[in-house]
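Residue-level listing of the chains:
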Amino acid sequence: MNILVINCGSSSLKFQVINAESEKLLAKGLCERIGMDGSCITYENKADDTGKEFKEVPMPDHNKAVSLVLSALTNEKTGVLKSLSEIGAVGHRIVHGGEKFTTSVIINDEVVEAIKEVSDLAPLHNPANLIGVDACKALMPGTPMVAVFDTAFHQTMPEKAYMYALPLDYYRKYKVRRYGFHGTSHSFVSKEAAKVAGKAYDDCKTIVCHLGNGASVSAVMNGKCVDTSMGLTPLEGLIMGTRSGDLDPAIIDFIAGKENLTAADVVSILNKKSGVFALSDGLSSDFRDLEEGYLSGNKYAKLAVDAFCYRVAKYIGSYTASMNGVDVIAFTAGIGENSSFVRAKIVEYLGYLGVTLDEEENKKRADVHRIATADSKVQVYSIATNEELAIARETYALVK
Ligand code: AMP
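Residues numbered from 1 in each chain as written. Predicted model: local features only at pLDDT ≥ 70, side-chain atom pairs only at ≥ 80, totals over all residues. Heavy atoms only, no water.

Draft legend 1. Quick peek at the site of the ligand. Gly212, Asn213, Asp286, Phe287, Arg288, Glu291, Ala333, Gly334, Ile335, Asn338 and Ser339 make up every residue found near the ligand. A distance of 2.9 Å separates an oxygen atom of the ligand from a polar backbone atom of Asn213. Between Phe287 and the ligand, the recorded distance is 2.8 Å, taken from a backbone N or O atom to an oxygen atom. Protein chains bury 69% of the 500 Å² of accessible surface belonging to the ligand in isolation. Only helix H10 (287-295) and helix H12 (333-338) provide two or more residues apiece to the shell around the ligand. The element best represented in the shell around the ligand is H12, accounting for four residues. Looking at the shell around the ligand, its residues break down into three nonpolar, five polar and three charged. (Near = heavy atom within 4 Å. Polar contact = N/O pair within 3.5 Å; in protein donor to acceptor, adjacent residues only side chain to side chain. Areas by Shrake-Rupley, 256 points an atom, 1.4 Å probe, with all protein chains shown as cover. Helix = DSSP H or I, 4+ residues; strand = E, 2+ residues; numbered from the N terminus. Nonpolar A, V, L, I, M, F, W, Y, C, P; charged D, E, K, R; others polar.)

Here it is as structure tokens:
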């Protein structure tokens, strides 16, 4: 069965077609600037590797974007499907499932309503995700669709990990609590990590460091997430590309007062103008530039990289304590998979755990590779995440 995986944002739509049995990627692409001038589609047939096609096409709305995706997939020359009937199901990435969704679910009217109900927890993402659901429903009315939530994997956290020490009424009335994000990635990578370490998933303590432009850490014990660094929103936790991560909440009011801003203005700065971008004095949010800056002696690039790695190391220490030990540490996402420099800097802090870095292995680039020495007390891996494959697997499991 072929699964169409859709990740729909307010002005973009990423897609992949994956064969569920072979787990082979057949096609992938991206629609950008939907509803704006200069909208375009990028499409790649991965089955025959016919290369990347790029076309500027007007896309006034997401229905048009989905119809262009479906035309590209069934195009006589470069399509990977003879007809749309070859799509067995559609898997949609939905950012926030609130407390209601602890697993992926087949989408029906009730599910759509429930996703709408938790939209105030992710006002930028959930409505956009639902636009993708509607557009696919309109063009493929008979095809089953599945919602795969970024938050679902973290719903196994115990109360002591997800409750904030605030008046309980905020939880009772508004469900203010830790949810966590990047759940499909943490789920996928923690399973892969246990597998490569030769441990049973339900008998393994794993710390997954998802280090991308958005970054989060999770503690996965015996197959269940027990803690994660992102909170009610993705702002909490690690220092990220442009997000501050953890800070003293009183800073918001302090800066708002000094700069004559509203709390919402400051939160927007914490999301969009902070993180390593801010610490590097505006040099870049991209670790390729930061590494280059670091190595050429830029003191702010050094500060940004050092603070980022220090924060990750603190979370690893904290989650080791939460689980009373750790068997495997996995690095994933753009920085975790590609930056041997950052991995080495983080591992420098882990001597107390008996972690020893294999410098040669760490320099290699592979989908899955061990970066600690064979006799390291805790195993450390770099593991490529594959959120689309995780969504395809979840979708297939529900519809087959
Ligand atoms: P993601 O959000 O997972 O797509 O990760 C994107 C981020 O990964 C970029 O902003 C970079 O900071 C980082 N990145 C990607 N490739 C490299 C690389 N070769 N070396 C260092 N950092 C990288």
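Draft legend 2. Spotlight on helix H11 (residues 299-323). If you check H11, its first and last C-alpha atoms are 36 Å apart, about what 25 residues at 1.5 Å a residue would give, namely 36 Å. A side-chain oxygen of the first residue of H11 lies 2.8 Å from the backbone nitrogen of Tyr300; this N-cap is Asn298. (Expected span 1.5 Å × (residues − 1).)

Draft legend 3. Examining a nonpolar patch on the surface more closely. Taken together, the side chains of Leu166, Tyr170 and Tyr174 define a hydrophobic patch exposed on the protein surface, amounting to about 310 Å² of accessible area. By the secondary structure assignment, Tyr174 is in helix H5 (residues 168-174). (Patch = residues over 30% accessible without salt bridge, like charges linked within 9 Å, V, L, I, M, F, W, Y side chains within 5 Å. Salt bridge = Lys/Arg side-chain N within 4 Å of Asp/Glu carboxyl O.)

Draft legend 4. Geometry of the sheet that holds strand S12 (residues 328-332). The strand order S11-S10-S9-S12-S14-S13 describes an open sheet built from six strands, whose pairing is mixed. In this open sheet, the two strands that pair with only one neighbour each are strand S11 (224-228) and strand S13 (368-370). Taken pair by pair, the neighbouring strands of this sheet meet at an average axis angle of 25°, ignoring direction. Where strand S9 (residues 205-211) and strand S10 (residues 215-221) come together, seven bridges link them in antiparallel fashion. Bridging across to S10, Leu211 finds its partner in Ala215. Across the face of the sheet, helix H13 (residues 340-347) comes into contact with S9, S12, S13 and strand S14 (379-383) while running at roughly 150° to S12. (Pairing = 2+ DSSP bridges. Axes fitted to C-alpha atoms, helices over the stretch in contact; angles between N-to-C directions. Contact = heavy atoms within 4.5 Å.)

Draft legend 5. Quick peek at the nonpolar core. The biggest cluster of nonpolar side chains holds 43 residues, and the ones touching the most others in it are Ile207, Cys209, Leu211, Phe308, Ile316, Ile329 and Phe331. Listed by contribution, the elements that provide at least two residues to this core are S9, S10, H10, H11, S12 and H13. The leading source of residues in this core is H11, at ten residues. The contacts of Ile207, once residues within four sequence positions are left out, are Val217, Ser218, Ile316, Tyr319, Thr320, Met323, Val326, Val328, Ile329 and Ala330. If you look at the next biggest cluster of nonpolar residues, it comprises 41 residues, including Cys8, Phe15, Ala27 and Ile94. (Core = buried A, V, L, I, M, F, W, Y, C linked by side-chain atoms within 4.5 Å. Buried < 20%, exposed > 50% of the residue type's maximum accessible area, 1.4 Å probe, protein only.)

Draft legend 6. Broad picture of the packing of aromatic side chains. The full count for this structure, using the stated rule, is eight aromatic pairs. With a centroid separation of 6.5 Å and 20° between ring planes, the pair formed by Tyr170 and Tyr174 is classed as stacked. Of this pair, Tyr170 and Tyr174 both sit in helix H5, four residues apart, which is roughly one turn of the helix. Accessibility expressed as a relative area gives 38% for Tyr170, which makes it partly exposed. Taken together, a centroid distance of 5.6 Å and an interplanar angle of 65° make the contact between Tyr315 and Tyr319 edge-to-face. (Phe/Tyr/Trp six-rings, centres within 6.5 Å; stacked < 30°, edge-to-face > 60°.)

Draft legend 7. Structural view of the environment of Asn63. As for its position among the elements, Asn63 is in helix H1 (residues 62-74). Each C-alpha atom of the pair Asn63 and Val355 lies 51 Å from the other, and the pair is 292 residues apart in sequence.

Draft legend 8. Here's a closer look at the pattern of salt bridges. Applying the stated criterion across every chain, the model contains 18 salt bridges. Between Arg365 and Glu337 there is a salt bridge whose closest N-O contact spans 3.9 Å. With Arg365 in the loop between helix H14 (359-363) and S13 and Glu337 in helix H12, this pair connects stretches of sequence that are 28 residues apart. Take Arg365: its relative accessible area is 46%, and that puts it in the partly exposed class. Among the charged side chains, a network of salt bridges with common partners joins Glu99, Lys175 and Arg177.

Draft legend 9. How the structure looks around the pairing of strand S8 (residues 145-149). Counting buried residues along S8, five of its five residues qualify, which places the element largely inside the surrounding structure. Relative to S8, strand S6 (residues 87-94) runs parallel, the two sharing five bridges. Across the sheet, residue Gly91 finds its bridge partner in S8, namely Val146. Sheet topology places strand S7 (residues 105-106) next to S8; two bridges connect them, and they run antiparallel. Pairing of Val105 across the sheet is with Ala147, part of S8.

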